[in-house]
Amino acid sequence: MCGIVAYSGYNEAYPILINGLRRLEYRGYDSAGVALMQDGKITLYKKRGKVSDLDEFCADKNTESHVGIAHTRWATHGEPSEENAHPHLSEDGSIALIHNGIVENYVSLKQELQRIGYTFKSETDTEVLVHLIKDVQAKENLPLADAVMLALTRVEGTYALAILSTDNPDQLIVAKKGSPLLIGVGKNEYFIGSDGAPIVEYTKKVVYLEDGDVAVVTPKKPLVIRNINDEEHLRKRPYFQKLEMSLDQLEKGGFETYMLKEIFEQPKAITDSMRGRINLKKDVVSLGGIIEYESKMMNAKRFIIAACGTSWHAGLVAEYLFESLIRVPVEVEYASEFRYRNPIIHEDDVLIAISQSGETADTLAAVELAKRHGATVIGICNVVGSTLARETMAGSYTHAGPEIGVASTKAFTAQVTVLALMALSLAHKTGTISRSQYHQLVNDLESIPDKIEMVLKQEQFIQKIAQFVATRPNAIFLGRGVNYPVALEGALKLKEISYIHAEGYPAAEMKHGPIALIDEHMPVIVVATEQQTYDKVVSNIQEVIARKGTVISVVTEGDTTVKNMSKFCIEIPHTEELLTPLVATVPLQILAYHVALIRGCNVDRPRNLAKSVSVE
Ligand code: G6P
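Below is a summary of the structure that appears in this document.

Reading guide: rules and limits
- Residues numbered from 1 in each chain as written.
- Predicted model: local features only at pLDDT ≥ 70, side-chain atom pairs only at ≥ 80, totals over all residues.
- Heavy atoms only, no water.
- Core = buried A, V, L, I, M, F, W, Y, C linked by side-chain atoms within 4.5 Å.
- Buried < 20%, exposed > 50% of the residue type's maximum accessible area, 1.4 Å probe, protein only.
- Contact = heavy atoms within 4.5 Å.
- Phe/Tyr/Trp six-rings, centres within 6.5 Å; stacked < 30°, edge-to-face > 60°.
- Helix = DSSP H or I, 4+ residues; strand = E, 2+ residues; numbered from the N terminus.
- Lys NZ or Arg CZ within 6 Å of the ring centre and 35° of its normal.
- Near = heavy atom within 4 Å.
- Polar contact = N/O pair within 3.5 Å; in protein donor to acceptor, adjacent residues only side chain to side chain.
- Areas by Shrake-Rupley, 256 points an atom, 1.4 Å probe, with all protein chains shown as cover.
- Nonpolar A, V, L, I, M, F, W, Y, C, P; charged D, E, K, R; others polar.
- Pairing = 2+ DSSP bridges.
- Axes fitted to C-alpha atoms, helices over the stretch in contact; angles between N-to-C directions.
- Salt bridge = Lys/Arg side-chain N within 4 Å of Asp/Glu carboxyl O.
- Expected span 1.5 Å × (residues − 1).
- Parallel < 35°, antiparallel > 145°, perpendicular 65-115°, else oblique.
- Left-handed = near helix turned anticlockwise from the far one by under 90°.

For the rest of this paragraph, the subject is the nonpolar core. Formed by 92 residues in total, the largest nonpolar core has its most connected members in Phe-303, Phe-322, Leu-325 and Ile-352. In this structure Phe-303 touches Met-297, Phe-322, Ile-326, Val-328, Pro-329, Val-330, Glu-331, Val-350, Ile-352 and Leu-426, once residues within four positions along its chain are discounted. Counting 32 residues, the second largest nonpolar core, distinct from the first, contains Tyr-7, Leu-17, Tyr-208 and Tyr-258.

Here it is, written out as structure tokens:
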């Protein structure tokens, strides 16, 4: 959600900034802007649209500079426009500021500032910050960093900030609360990013700012970091870490889009998420990150899984895995609902928060809430060093590699893999499954990457199905049991990237409503693999056919019953029922992908969405 990049050093800033914005564009892409320090003055260029529009606009402008800040926006307050795009300038042009997050008390601050004469050019909450900082600086006669610290004590909400000021033309001031920000340390130069993507090309030495940190960043000088929550504002010792990311992972690697690359990366992503976690004899599945809390997990009275979007679907799959294998009740919660409904949380509950980015505001709030109630809080996330990784007591990384396509694909299958490992490890240790069942599932899990490879080979065939679905305004996805979340995920993928209205439903629930929508125009995509309820799903398909709906099915190879009832039938290799989502989701990702392409949609950056939703 909004991307921040900033640079100060001896190199040309503009190429670093624009390149960084391109790498961050998945975070927001409705407008972009850059502020450059040129001969002690700030020059501002902003443009509605993509980063490439901004770059085109700047092509004939003077962009020579060694210090600058840049931003790509995902609109919250005010529509995408040049006025609302960041950076925002103080009235005298001496301060430029970029912001990721939301100033929740911006209305009262804005009214206060307007009363004393400040005028606003934009509808954003962010502009409040620049005037507030300027006002505090002028009234208290403080150096900028101190003014920022004081001003921020009045701000409610979340922020990652980068500020440029004519007072100290080389210097950047950066601050963080609730939205991620890291500083890359080069030789006599510094790079700022809302994640590692704009930094990794230049340095792997980074400092992750903590909530309340305000840093003064000046080339050739050490970082000065203080925290607004420390009353004495003492200097903190920067904690340098290695950025766990490589440039290759951020490139498209010969694929047309990131999403296609990430769909095809799934066999590797799943292998990587299992690596080192299943021992050679397969006797022990263990997740190093949770060892310390394993006994708490083994004695849990209940698991609460909190997540959003696709990660929530991974949580739903886990509900089946955990309840079947460990026999402990599981509640899967939308983090956004959980946090506001005064939930009952006990000390012997274990909350598992799932998030690809590790920065989803609602998921982080659920973590906070569970911690406050004394529950054990475990995280599953993909981005190393993310807020979720730092705020949970223990956890497991999915190790799927950076996911850039806004619609999540490999992160989902990697999440399900880690959740399956977790369930298997706990079930084995608590003795809730037999040795043979355990071995069968572990063996099957290890064979999933090969099975996905087989599905990926069917891309061309699925493309043909996509030609059909792309002409329809609606689609229904059905599945039962562990395939119900697969249906939800299939529907979500299709609506996210192709803008076709799609609903996911438990197959048997269809008759309680959605059946009214079925006619000869409605494609019904049914996941009907070998499972306990297979015969029931077959009956549901009959109900669809009786109403002239068009059946597109995903079945286990060799199936003839459902195949004969379908207009199109995708066969997937036989998989243990509980692990089926890992394979059955893949053809639905490919289907959504090709439908979106046929309809001319931007699959990597679908309209209105953002990859990392760091606002409520
Ligand atoms: C956004 C993304 C989704 C993602 C969801 C949760 O809505 O567009 O793809 O599933 O956020 O994100 P998280 O990073 O917490 O998994």
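Using the criterion set out here, one finds 7 aromatic pairs in the structure. Judged by centre distance (4.7 Å) and plane angle (5 degrees), the ring pair of Phe-191 and Tyr-202 falls under stacked. Separated by 11 residues along the polypeptide, Phe-191 in strand E10 (residues 190–193) and Tyr-202 in the loop between E10 and strand E11 (205–208) bring together distant segments of the chain. We classify Phe-191 as buried; its relative accessible area is 2%. Residue classification places Tyr-202 among the partly exposed positions, given a relative accessible area of 30%. With a centroid separation of 5.0 Å and an interplanar angle of 75 degrees, the aromatic rings of Phe-303 and Phe-322 are classed as edge-to-face. One end of the pair, Phe-303, is in strand E15 (residues 302–307); the other, Phe-322, is in helix H9 (residues 309–326), and 19 residues separate them in sequence. Put simply, the rings of Tyr-7, Phe-191 and Tyr-202 touch in pairs and so form one group of aromatic residues. Over the face of the ring belonging to Phe-57 we find Lys-61, whose NZ or CZ atom lies 4.2 Å from the ring centre.

With that settled, the discussion passes to the site of the ligand. Surrounding the ligand, one finds 14 residues, the nearest of these being Ser-311, Ser-355, Gln-356, Ser-357 and Thr-360. Measuring from an oxygen atom of the ligand, one finds a backbone N or O atom of Val-406 at 3.2 Å. Within the complex, 90% of the 390 Å² of free accessible area of the ligand lies under protein. Examining the composition of the shell around the ligand, we find that 3 residues originate from one element, H9, more than from any other. When the residues that make up the shell around the ligand are grouped by side-chain class, the tally is 4 nonpolar, 8 polar and 2 charged.

What follows is about the side chain of Gln-531. Mapped onto the elements, Gln-531 comes out in the loop between strand E22 (523–527) and helix H17 (534–546). Apart from residues lying up to four places away in sequence, Gln-531 is in contact with Arg-480, Gly-481, Asn-483 and Glu-577.

Let us now look at the sheet that holds E22. The strand order E21-E20-E22-E23-E24 describes an open sheet built from 5 strands, whose pairing is parallel. With partners counted over all chains shown, the strands left at the sheet margins are strand E21 (501–506) and strand E24 (568–572), one partner each. The sheet shows a mean angle of 15 degrees between the axes of neighbouring strands, taken without regard to direction. Summarising the sheet, strand E20 (residues 474–479) and E21 pair through 6 bridges and their orientation is parallel. Bridge pairing in E21 links Phe-477 to Gly-504.

One can find Glu-333 in strand E16 (residues 330–334). A polar atom in the side chain of Glu-333 sits 2.4 Å from the side chain of Arg-341.

Right, let's talk about the pattern of salt bridges for a bit. Counted under the stated rule, the structure contains 29 salt bridges. The partner of Asp-211 in a salt bridge is Lys-176, and the shortest N-O contact between them spans 2.6 Å. Here Lys-176 lies in strand E8 (residues 172–177) and Asp-211 lies in the loop between E11 and strand E12 (213–217), a separation of 35 residues in the sequence. The salt bridge involving Arg-302 is made with Glu-331; its shortest N-O contact spans 3.2 Å. Of the two residues, Arg-302 is situated in strand E15 and Glu-331 in strand E16; the sequence distance between them amounts to 29 residues. Arg-302 sits in the buried class, given a relative accessible area of 13%. Looking at Glu-331, the relative accessible area reads 34%, which means it is partly exposed. A network of salt bridges, in which partner residues are shared, links Arg-23, Glu-201 and Glu-251.

Pairing is parallel across the open sheet formed by 5 strands, whose spatial order is E16-E15-E17-E18-E19. Across the chains shown, the open sheet's two edge strands, defined by having one partner strand only, are E16 and strand E19 (394–397). Put simply, the sheet's adjacent strands are angled 20 degrees from each other on average, direction ignored. Bridge analysis of strand E17 (residues 349–355) against strand E18 (residues 376–381) gives 6 bridges, and the strand direction is parallel. Paired with Leu-351 across the strands is Val-377, a residue of E18. Each of E15, E16 and E17 touches H9; the most contacted strand, E16, lies at about 175 degrees to it.

Right, let's talk about helix H11 (residues 361–372) for a bit. Taking 1.5 Å per residue as the helical rise, H11 with its 12 residues ought to reach 16 Å, and the 17 Å between its terminal C-alpha atoms agrees with that figure. H11 sits mainly inside the fold: 9 of its 12 residues count as buried. Within H11 the residues assigned to the buried category are Ala-361, Asp-362, Thr-363, Leu-364, Ala-365, Ala-366, Val-367, Leu-369 and Ala-370. On its buried side, H11 packs onto E15, helix H10 (335–338), E17, E18 and helix H12 (387–391). After H11 finishes, the residue Gly-374 shows a positive phi value of roughly 80 degrees.

Orientation of H9 relative to helix H13 (residues 410–430), taken along the N-to-C sense of each, is 20 degrees, at an axis distance of 9 Å. Judged by the angle between their axes, H9 and H13 are roughly parallel. Crossing geometry of H9 relative to H13 is assigned as right-handed. Between H9, through Thr-310, Ser-311, His-313, Ala-314, Val-317, Ala-318, Leu-321, Phe-322, Leu-325 and Ile-326, and H13, the contact on the second element is made entirely by Phe-412, Gln-415, Val-416, Leu-419, Ala-420, Met-422, Ala-423, Leu-424, Leu-426, Ala-427 and Thr-430. Tallied by class, the residues present in the contact of H9 with H13 amount to 16 nonpolar, 5 polar and no charged.

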